[in-house]
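A look at the structure
What follows is the residue order along each chain.
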Amino acid sequence: AQTVTQSQPEMSVQEAETVTLSCTYDTSESDYYLFWYKQPPSRQMILVIRQEAYKQQNATENRFSVNFQKAAKSFSLKISDSQLGDAAMYFCAQSAQGAQKLVFGQGTRLTINP
Amino acid sequence: DAGITQSPRHKVTETGTPVTLRCHQTENHRYMYWYRQDPGHGLRLIHYSYGVKDTDKGEVSDGYSVSRSKTEDFLLTLESATSSQTSVYFCAISDRGGSPLHFGNGTRLTVT
């Protein structure tokens, strides 16, 4: 069975600094997809970044980047130059190739201090 | 934004009453999902659909049923609501495996 673990229930960072959110997962599949979603207080679920496991290169989207370590089954999210609008719950999720279901981690609440 | 509408946005109901939540999409996506969100648990899959009249259970399906009679609509029914079903319910859609899920705005359900 797939499991996704986010070991940091809460994190905080000063505005303009860099923060890294951790995520580990467990799967027997060799090909799969990984995602980070952001959920601001509005409750909307927003896709931040997507990584295909067969690609060695780490995905990046502007100030957001991942450190994907396939052997270690680790998928951390780095947010550079943190902004007040980055404050939210962040969820890591994984889906297996050919499977249509996403399995989510427990979430990390990120606070940005001005 | 993906065209997904969940209704109602909020609902308060009493224990033992039936409740139906509706998800409507305008994207013609094949896959539709119902998740529930609870503190400390993230989002957990209740049921999903991979086509009209084709549905399957997720990890927390007990006490829930679903129906999909049209591509655009996916209904979640609580036959007899319990306090443990107080939660925020999200509908999501995707067009193929590996694609990101696009979410509705959620329904906050309170069972008293």
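It should be emphasised that the depicted structure is a prediction, and the values quoted were computed from it without experimental measurement. (Residues numbered from 1 in each chain as written. Chains lettered and ligands numbered in written order. Predicted model: local features only at pLDDT ≥ 70, side-chain atom pairs only at ≥ 80, totals over all residues. Heavy atoms only, no water.)

1. Considering the pairing of strand β8 (residues 64–69) of chain A
Residues and elements named next belong to chain A.
- In terms of strand pairing, strand β7 (residues 60–61) meets β8 through 2 bridges, oriented antiparallel. Counterpart to Thr 60 in the pairing with β8 is Ser 65.
- Count of turn residues in the β7/β8 antiparallel hairpin: 2 residues, of which Asn 62 carries a positive phi of about 60°.
- Two strands pair when backbone bridges link them, and β8 and strand β9 (residues 74–79) are joined in this way by 6 bridges, in the antiparallel orientation. Bridge assignment links Val 66 to a residue of β9, and that residue is Leu 77. (Pairing = 2+ DSSP bridges. Helix = DSSP H or I, 4+ residues; strand = E, 2+ residues; numbered from the N terminus.)

2. Some details on the interface of chain A and chain B
- If you look at the interface, chain A gives 19 residues, while chain B gives 26 residues.
- Each partner contributes to the roughly 1800 Å² buried at the junction of chain A and chain B, and carbon and sulfur atoms together form 55% of this total.
- In terms of surface lost to chain B, no three residues of chain A exceed Arg 43, Gln 100 and Phe 104 of chain A, which account for 40% of the buried area on that side.
- Here chain A and chain B share 0 salt bridges between them.
- On the surface where chain A and chain B come into contact, there are 5 residue pairs in polar contact (both at pLDDT 80 or more).
- Listing elements by their share of the side of chain A that touches chain B, those giving two or more residues are β5 (32–39), β6 (46–52) and β10 (88–96) of chain A.
- Here the side of chain A that touches chain B takes 4 residues from β5 of chain A, the largest share from any one element.
- Looking at the side of chain A that touches chain B, its residues break down into 9 nonpolar, 7 polar and 3 charged. (Contact = heavy atoms within 4.5 Å. Buried area = accessible area lost by both parts, 1.4 Å probe. Salt bridge = Lys/Arg side-chain N within 4 Å of Asp/Glu carboxyl O. Polar contact = N/O pair within 3.5 Å; in protein donor to acceptor, adjacent residues only side chain to side chain. Nonpolar A, V, L, I, M, F, W, Y, C, P; charged D, E, K, R; others polar.)

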